[in-house]
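# Observations on the model geometry
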Amino acid sequence: MFGRDNSKTVTKTVVDPATFNKFSPLSEIDPRYWDQLAKSLSLTVIAPDEIIIRKAREANTLHFLVSGKIEIRESFEQRVQYESHDPRCSKAIEHGLAQRSTVKALEESVVMKADLALIEKLIANNQNYTIHHLDEGELPLPETAIIDDSFQEDWDNVFIQSPLAANLSHQAIHQLFSSFERIEVKQGDTIIKQNTHGDYFFIIKQGFAEVKTDPAGPYRGETFTLTAGNYFGDEALVAKTIRNSTVTMKTDGVLGRLSHDAFNELIRNQLVTSSNDQTTSANQET
């Protein structure tokens, strides 16, 4: 299909919408701009062990894995492998990629390259509002039809930017995402109760939750709202103490749930290791 003479060949064929519409954020682009987008994309055949993205990667280019298998490596010990059918490959390879990571092909793979500036421009075009002049007797749209107050960012994007994720390796984060048990919840459901023992770690994938703190605690009974990407239940598991707050769903939603053992393996052990490393470093400096 791609007949080539070397390890990397860029195809000249215009990329079919059926190919690029499988990937985010390309799927967000209005069909009116598909021709322009398709002509800007390129498909590249990558031979096994060839580098796709180096540490000093192209900041203005996004890479999408169309077929094949790749390895993302942060260090000699920290590496993770993906195949094109993995749901996490529905986004650009750069999504959540650490600055020092290197990406290489483990088998012959096809990678699609896209110009980031053009993608942002085409998506922005979707958001341009058209001004309509109302004829007499025509009623304006209600504000609720224009403004969506229920909009939530992708939970994984929010979590990656959290303080907890900052202490986890790239590999641990990907393992964490694949280990979450999906739990559908209803408005009014109590997820954790104050003064009970910690058994699970939770992250909100969809919906809103309310945290009611202990009146005798540091937050003096204050309540907080959690939304997609926010997590809870970690303090009792890390410190091995009882719960110090109650969390109740304010809306229907979806949670990711991680067992006590999985939390220790994927999160707590890394936090403890990170803390010990910092202590060792401080002692050496002293």
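In regular strands, side chains alternate between the two faces of the sheet. Of all seven residues that make up strand β4 (residues 61-67), five are buried, and the element is covered over most of its length. Pairing of β4 with strand β8 (residues 109-115) involves six bridges; the strand directions are antiparallel. The residue of β8 that forms the bridge with S67 is V110.

Once that is clear, we can look at the sheet that holds strand β11 (residues 200-206). Taken in spatial order, the four strands of this open sheet run β9-β16-β11-β14, and their pairing is antiparallel. Two strands close off the open sheet at either side, each with one partner strand: β9 (181-185) and β14 (231-232). Here β9 runs beside strand β16 (residues 253-259); their pairing, made up of five bridges, is antiparallel. Bridge pairing links V185 to G253 in β16.

Across the sheet, four strands lie side by side as β10-β15-β12-β13; this open sheet has antiparallel pairing. Where the open sheet ends on each side, the last strands, each with one partner, are β10 (190-192) and β13 (223-226). Averaged over all neighbouring strand pairs, the angle between strand axes comes to 25°, with direction disregarded. As defined by bridge partners, β10 adjoins strand β15 (residues 245-249) across two bridges and the pair is classed as antiparallel. The residue bridging T190 from the neighbouring strand is T248, located in β15.

Below, the discussion takes up the packing of aromatic side chains. A complete count under the given rule lists eleven aromatic pairs for this structure. The interplanar angle of 80° and the centroid separation of 6.1 Å between the aromatic rings of F20 and W34 together place this pair among those described as edge-to-face. With F20 in helix α1 (residues 17-20) and W34 in helix α2 (residues 34-40), the pair connects residues that are 14 residues apart, well separated along the chain. A relative accessible area of 25% means that W34 is categorised as partly exposed. Seen in terms of ring centroids, F180 and F201 are 6.3 Å apart; in terms of plane orientation they differ by 20°. Their pairing is stacked. Pair noted here: F180 is in the loop between α6 (170-179) and β9 and F201 is in strand β11, with a separation of 21 residues, a long-range link. By the burial criterion, F180 is buried, and F201 matches it. Three or more aromatic residues link up through ring pairs in this structure, and these residues are W155, F159, F177, F180, F201, Y231 and F263.

Further remarks concern the pattern of salt bridges. The final tally for this structure, using the stated rule, is nine salt bridges. Of the charged contacts in the structure, one is a salt bridge between D86 and R88, with a shortest N-O distance of 3.0 Å. Connected via shared salt-bridge partners are E71, R73 and R79.

This next bit is on the pairing of strand β7 (residues 102-105). Of the two faces of β7, the one holding T102 and K104 and the one holding V103 and A105 are both buried throughout. As paired strands, strand β3 (residues 51-53) and β7 are joined by two bridges and run antiparallel to one another. In the sheet register, I51 faces β7, and the bridge partner there is K104. As defined by bridge partners, strand β5 (residues 69-73) adjoins β7 across four bridges and the pair is classed as antiparallel. Paired with I70 across the strands is A105, a residue of β7.

On to the nonpolar core. By size, the foremost hydrophobic cluster in this structure holds 20 residues, and its most contacted members are F20, L26, F64 and M112. Only α2, β4, β8 and α3 (116-126) provide two or more residues apiece to this core. Looking at which element gives the most residues to this core, the answer is α3, with four residues. Residues in contact with F20, not counting those within four places in the same chain, are V15, L26, S27, W34, L37, A38, L41 and M112. Counting 19 residues, the second largest nonpolar core, distinct from the first, contains F159, L164, F180 and I203.

With that settled, consider the environment of L168. Inspection of the secondary structure puts L168 in the loop between α5 (163-166) and α6. For the pair L168 and Q270, spaced 102 residues apart in sequence, the C-alpha separation works out to 6.5 Å. For L168, the contacting residues outside a window of four places in its chain are F159, I173, L176, L266, I267 and Q270.

What counts and how
Residues numbered from 1 in each chain as written. Predicted model: local features only at pLDDT ≥ 70, side-chain atom pairs only at ≥ 80, totals over all residues. Heavy atoms only, no water. Buried < 20%, exposed > 50% of the residue type's maximum accessible area, 1.4 Å probe, protein only. Helix = DSSP H or I, 4+ residues; strand = E, 2+ residues; numbered from the N terminus. Pairing = 2+ DSSP bridges. Axes fitted to C-alpha atoms, helices over the stretch in contact; angles between N-to-C directions. Phe/Tyr/Trp six-rings, centres within 6.5 Å; stacked < 30°, edge-to-face > 60°. Salt bridge = Lys/Arg side-chain N within 4 Å of Asp/Glu carboxyl O. Core = buried A, V, L, I, M, F, W, Y, C linked by side-chain atoms within 4.5 Å. Contact = heavy atoms within 4.5 Å.

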